[in-house]
Amino acid sequence: MDESRRDRDEEGRARNARPRDGLGRPLPYGSRGVERQPEGVVRSPGGTVREAQRLLDAGMPFHAHEVFEDAWKSGPDAERELWRGLAQMAVGLTHAARGNAAGGARLLRRGAVAVEAFRTSDPHGIGVEGLITWAEDLAGRVDPSGPGSGAGEGVSPGVDPVAEAPRLRREDRAGE
């Protein structure tokens, strides 16, 4: 591959063709990466939740974020904030797993705020209240200094994305 040229897709749009690892980080050309999520897939809400949960359980929150992003872009306007918030939570977990504590915590908190309006309705079986609690808890653990404290450098060894993967559906959570 001529690395001085920009990678392009079939329509000529700029697309980075470098392989990626399970957390979405680019690898050197020629490396073996994980398969990317196809873009623009329209799924049912249940299909979105199942695919995102599969990816979260596999330690691939970056890829789950892309699934939520498709739902955010193709779903009804009334649910945009739900899917956007879930995408932010997934990418927050991605950053926390990469060791970016401050960025991960910020995105986890932003996602929790975005889904707040859905807290009591559990759309499509998504346990929103539990996800808000999960996001706030993880944000506090990865960046205990919190927003605006000025403490810490925001870099950590990273969390285990499999161990920290949330359960999206309320009925999938033990004890609820």
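Above this note sits the structure.
Basis of the calculations
Residues numbered from 1 in each chain as written. Predicted model: local features only at pLDDT ≥ 70, side-chain atom pairs only at ≥ 80, totals over all residues. Heavy atoms only, no water. Helix = DSSP H or I, 4+ residues; strand = E, 2+ residues; numbered from the N terminus. Buried < 20%, exposed > 50% of the residue type's maximum accessible area, 1.4 Å probe, protein only. Lys, Arg positive; Asp, Glu negative; His and termini not counted. Salt bridge = Lys/Arg side-chain N within 4 Å of Asp/Glu carboxyl O. Contact = heavy atoms within 4.5 Å. Expected span 1.5 Å × (residues − 1). Core = buried A, V, L, I, M, F, W, Y, C linked by side-chain atoms within 4.5 Å. Polar contact = N/O pair within 3.5 Å; in protein donor to acceptor, adjacent residues only side chain to side chain. Axes fitted to C-alpha atoms, helices over the stretch in contact; angles between N-to-C directions. Parallel < 35°, antiparallel > 145°, perpendicular 65-115°, else oblique. Left-handed = near helix turned anticlockwise from the far one by under 90°. Nonpolar A, V, L, I, M, F, W, Y, C, P; charged D, E, K, R; others polar.

A. Region of interest: the environment of V41. Here V41 is to be found in the segment before α1 (45–57). A residue is classified by how much of its surface remains accessible, and V41, at 26% relative accessible area, is partly exposed. Note: C-alpha distance between V41 and E69 (28 residues apart in sequence) is 9.7 Å.

B. Fine view of the side chain of D143. With respect to the helices, strands and loops of the structure, D143 is situated in the segment after α5 (128–142). Comment: no salt bridge for buried D143; closest opposite-charge side chain is R109, at 4.6 Å. Excluding anything up to four places from it in sequence, D143 contacts A101, A102, A105 and R109.

C. Geometry of α1. The end-to-end C-alpha distance of α1, which contains 13 residues, comes to 18 Å, matching closely the 18 Å that a straight helix rising 1.5 Å per residue would cover. Contacts from the buried residues of α1 go to α2 (61–74) and α3 (80–98). Immediately beyond the C-terminal end of α1, within one or two residues, lies G59, with a positive phi of roughly 80°.

D. Main features of the nonpolar core. Judged by nonpolar contacts, the single largest core of 36 residues is most densely connected at F68, L82, W83, L86, M89 and I126. Broken down by secondary-structure element, the contributors of at least two residues to this core are α1, α2, α3, α4 (101–115) and α5. If one sorts the elements of this core by residue count, α3 sits on top with nine residues. Other than its neighbours up to four places away in sequence, M89 contacts L107, L108, G111, A112, V115, L131, W134 and A135.

E. View of the environment of T94. By the element assignment, T94 lies in helix α3. Linking T94 and M60, residues 34 residues apart in sequence, is a C-alpha distance of 7.8 Å. The contact partners of T94, leaving out residues within four places of it in the chain, are L23, P61 and F62. Here F62 takes part through its backbone nitrogen, which lies 3.0 Å from a polar atom of the side chain of T94.

F. Geometry of unusual backbone geometry. For D122, which is not glycine, the phi torsion reads 45° and is therefore positive. Of note, D122 is situated in the loop between α4 and α5. D122 sits in the partly exposed class, given a relative accessible area of 23%. Within the chain, H124 stands out as a residue other than glycine whose phi angle is a positive 60°. One can find H124 in the loop between α4 and α5. Taking the relative accessible area as the measure of exposure, H124 reaches 31% and is therefore partly exposed.

G. The arrangement of the side chain of E51 in detail. With respect to the secondary-structure elements, E51 resides in helix α1. Judged by its relative accessible area of 19%, E51 is buried. If we ignore the near neighbours within four places in the chain, the residues touching E51 are Q37, R43 and V67.

H. Structural context of the pattern of salt bridges. Applying the stated rule across the entire model yields 10 salt bridges. In this structure, the salt-bridge partner of E69 is K73, at a minimum N-O distance of 3.5 Å. Separated by four residues within a single helix, E69 and K73 lie in helix α2, roughly one turn from each other. Across the salt bridge formed by E81 and R84, the nearest N and O atoms sit 2.5 Å from each other. One end of the pair is E81 and the other is R84, both in helix α3 and three residues apart, which spans about a single turn.

I. Molecular detail of the packing of α2 against α3. Viewed as axis vectors pointing N to C, α2 and α3 meet at an angle of 165°, and their least axial separation amounts to 8 Å. On the basis of their axis angle, the class for α2 and α3 is roughly antiparallel. In the crossing of α2 with α3, the sense of the turn from one axis to the other is left-handed. Note on element contacts: α3 touches α2 through R80, W83, R84, L86, A87, A90, V91, L93, T94 and R98, opposite P61, F62, A64, H65, F68, E69, A71, W72 and K73. Taken together, the residues of the contact of α2 with α3 sort by class into 12 nonpolar, two polar and five charged.

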